[in-house]
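Commentary on secondary and tertiary structure
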Amino acid sequence: MGVLVAAPRAEAATHLLVSTSLPMTAIAARCGLGTAEALRQAFVDLYGIPPSRYRSTRATALPSSFGTDT
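Structural notes, computed from the coordinates. (Residues numbered from 1 in each chain as written. Predicted model: local features only at pLDDT ≥ 70, side-chain atom pairs only at ≥ 80, totals over all residues. Heavy atoms only, no water.)

1. Notes on the pattern of salt bridges
The condition that has to hold: By salt bridge we mean one thing: a side-chain nitrogen of Lys or Arg within 4 Å of a carboxyl oxygen of Asp or Glu. Secondary structure follows DSSP: runs of H or I at least 4 residues long count as helices, runs of E at least 2 residues long count as strands, and numbering of each begins at the N terminus. Think of it in three bands: with a 1.4 Å probe and only protein chains considered, a residue is buried below 20% of the maximum accessible area for its type, exposed above 50%, and partly exposed in between.
Counted under the stated rule, the structure contains 1 salt bridge. Residue Arg-40 pairs with Glu-37 through a salt bridge whose shortest N-O separation is 2.9 Å. With Arg-40 and Glu-37 both in helix α3 (residues 36-47) and 3 residues apart, this pair spans about one turn of that helix. Classification of Arg-40 by relative accessible area gives partly exposed; the value is 31%.

The following block contains the structure:
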């Protein structure tokens, strides 16, 4: 996936990473990246860190059920 396509999708994922407790697979699907691996690759390419690290350094404490509705 090219950077021009992945960049806005990864940017959308940043919001979900910090505002929900959704798993990476669900975030990737919701943002059009398809798989957790594609999400990870886009994040590393664009931000230099994996999405799990982004979440752990920027997320506030969330209830375990927050953001899990489908």
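2. A look at the packing of aromatic side chains
Threshold: Under the pairing criterion, centres of Phe, Tyr and Trp rings, with the six-membered ring standing for Trp, must be within 6.5 Å; the plane angle then separates stacked pairs below 30 degrees from edge-to-face pairs above 60, leaving the rest tilted.
A full pass over the atoms with the stated rule returns 3 aromatic pairs. On the numbers, 5.4 Å between centres and 75 degrees between planes, the contact of Phe-43 with Tyr-54 is edge-to-face. A residue pair is termed long-range when its members are at least 10 positions apart, and Phe-43 in helix α3 and Tyr-54 in helix α4 (residues 51-58) qualify at 11 residues. Put simply, the rings of Phe-43, Tyr-47 and Tyr-54 touch in pairs and so form one group of aromatic residues.

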